[in-house]
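# Working through the structure, step by step
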Amino acid sequence: MPARSDAARSAVARDADAALTALYSEHYRSLVRLAALLLDDIGLCEEVVQDAYIRVHGAWGRLQDRDKALAYLRQTVVNLARSTLRRRLVALKHAPKPMPDAASAEEGAYSLVERAAVVQALRELPRRQREAVVLRYYADMSEADAAAVMGCSVGSVKAYTSRGLAALSGKLEGLR
Amino acid sequence: MNSGLEPEELTRLLRAAVEPIRASPDALHQIRAGVERRRWWRMPLMATGGVVMAALIALAFVAVRPQSSSEQVVEPAGPPLVSSMVEPTAGPSAGPSVGGGGSGGGTRPSGGTRPQHTTTPPPTTSSTPRTGTTPSSPVASATTGQGGSGSLSLPSPAHRPALANDVDGDGTADTVRLNGTKVEVVFSRGGKAGSVDLPNLQLPTVHAVVDANGDGFAEVLVRTSSRDNIDEYALLRYAAGGVLSQALPVGGANLRLSAGVRDDSAFGFQCDGSGLRLISGTSSDGISYQTVTTAVQITSDGLVAGQVTQEMVTGSSVGTVFAPGCGTFSALS
């Protein structure tokens, strides 16, 4: 039945396009901000979030529960942020020599974020503690949801959050 | 929990820190462009994947498809010219020696003066004389069916010739036993058993394990039937793949593994480590026999007839020649 299959495929594609637009208008900005807190390089946060949107669109036909599209999108953003961090670490290890500071094209909003004390303190945390703190206190997710996104247990999320919060307190106290 | 930083304060700080971030105006456009790029990449990738999968399935089918016997081309080997001794005045008895029926001839060669070499083809269908009363089923068990195990190679033997009862050539004796009409050999190589079913096997029977051709793998000779003073035998051997198979004549040659004397016909076989020699004889007086000896090679494809010689046998040597002269036979149970 190729005709029916093509029709079904077209319907899924139309559905995915509509869902993509809706998800974009509702959540794009908050997801970019989430990525900005997870990544060391704020300039990459839009790229990561756009890649997550493209992947969710491609997997739309396989998505079992369409209502969980936002959760899926968040998880994809977290996973891509992790991958980006790993790649950056490898690139830094193999960099021949440090590049001179270049004038940023994104002076303005990004530099404001970079200069924020809490962002600087957040970047000094281990990756998992940073993820737990951001998902719990910025994305306002429950411990169970954060555990699902991070791929660990609720107890681990509690431990990461507690340690991360304590570390941030100490760092921010020192900056005051 | 943390006296320095409350969760609510941290939430406020985080939101305030990222508040300046705005989405780029062309973000949605870039996402849609990425979706299109991904779509265009996926189509040829899926098509290529489908082609590769179809090719793999076709290859797997060709690899595992069993070859039917009708597709196997068996080229009968051309009969090489062999030298044999023929009495020049043999007269009518010369016929059965090389290709004649021989059942009723059996006249002694009368006074040949000098043997001379003649070139004759090896026997293909009637190298051994057969009488009309010979039971057909035991003959069929030794001359029909498939030959060897094909072209797979055998492992290297531990000793040449093989040690006692070492059918699989690993230097350790193997056990030969009977299971109904099946002759089973428990191979010490791998611990598995191979068997050959001999439907016409007459019990009780005897067997001998001997390396007939000295290749390091002992053959198993089993008496399949015994009628009218003629015993029929089957030759079993270790074949590639760790199986036991019956060595049968290649190309449908009539090579009869028999022993005994009946009326004016007699049969026997011998081995000396270089292969088998099948002997058939005819007699007109029951005392002297004109014999035809066919050298037989035991190959991976089966029994291959080789050189044919003739001679006269008389007196006491008749009982020795027309006997199963290959190994020591003992009861098989």
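Residues numbered from 1 in each chain as written. Chains lettered and ligands numbered in written order. Predicted model: local features only at pLDDT ≥ 70, side-chain atom pairs only at ≥ 80, totals over all residues. Heavy atoms only, no water.

Residue and element names in this part refer to chain B. On the surface, a cluster of nonpolar side chains totalling about 510 Å² of accessible area is made up of Val52, Met53, Leu56, Ile57 and Leu59. Following the sequence through the fold, Ile57 ends up in helix H2 (residues 27–64). Residue classification places Ile57 among the exposed residues on the basis of a relative accessible area of 55%. (Patch = residues over 30% accessible without salt bridge, like charges linked within 9 Å, V, L, I, M, F, W, Y side chains within 5 Å. Areas by Shrake-Rupley, 256 points an atom, 1.4 Å probe, with all protein chains shown as cover. Salt bridge = Lys/Arg side-chain N within 4 Å of Asp/Glu carboxyl O. Helix = DSSP H or I, 4+ residues; strand = E, 2+ residues; numbered from the N terminus. Buried < 20%, exposed > 50% of the residue type's maximum accessible area, 1.4 Å probe, protein only.)

Attention shifts here to helix H7 (residues 143–150) of chain A. Residues and elements named next belong to chain A. Among the residues making up H7, those that are buried are Ala146, Ala147, Val149 and Met150. Projected down its long axis, H7 shows its buried positions confined to an angular sector of 165 degrees, all on one face. Directly after H7, the chain includes Gly151, whose backbone phi takes a positive value near 75 degrees. (Arc of directions from axis to C-beta.)

Each side of the interface is counted separately: chain A has 38 residues, and chain B has 29 residues. Carbon and sulfur atoms make up 68% of the surface buried where chain A meets chain B, a total of about 3000 Å² over both sides. Of all residues in chain A, the largest losses of buried area upon contact with chain B belong to Arg33, Ile54 and Tyr137 of chain A, amounting jointly to 20% of the total for that side. Counting across the chain A and chain B interface gives one salt bridge. Contributing elements (two or more residues each) for the side of chain A that touches chain B: helix H1 (2–38), helix H2 (45–58), helix H4 (109–115), helix H5 (117–123), helix H6 (127–138) and helix H8 (154–175) of chain A. In terms of residues, the side of chain A that touches chain B owes the most to one element, H1 of chain A, which gives 10 residues. When the residues that make up the side of chain A that touches chain B are grouped by side-chain class, the tally is 24 nonpolar, six polar and eight charged. (Contact = heavy atoms within 4.5 Å. Buried area = accessible area lost by both parts, 1.4 Å probe. Nonpolar A, V, L, I, M, F, W, Y, C, P; charged D, E, K, R; others polar.)

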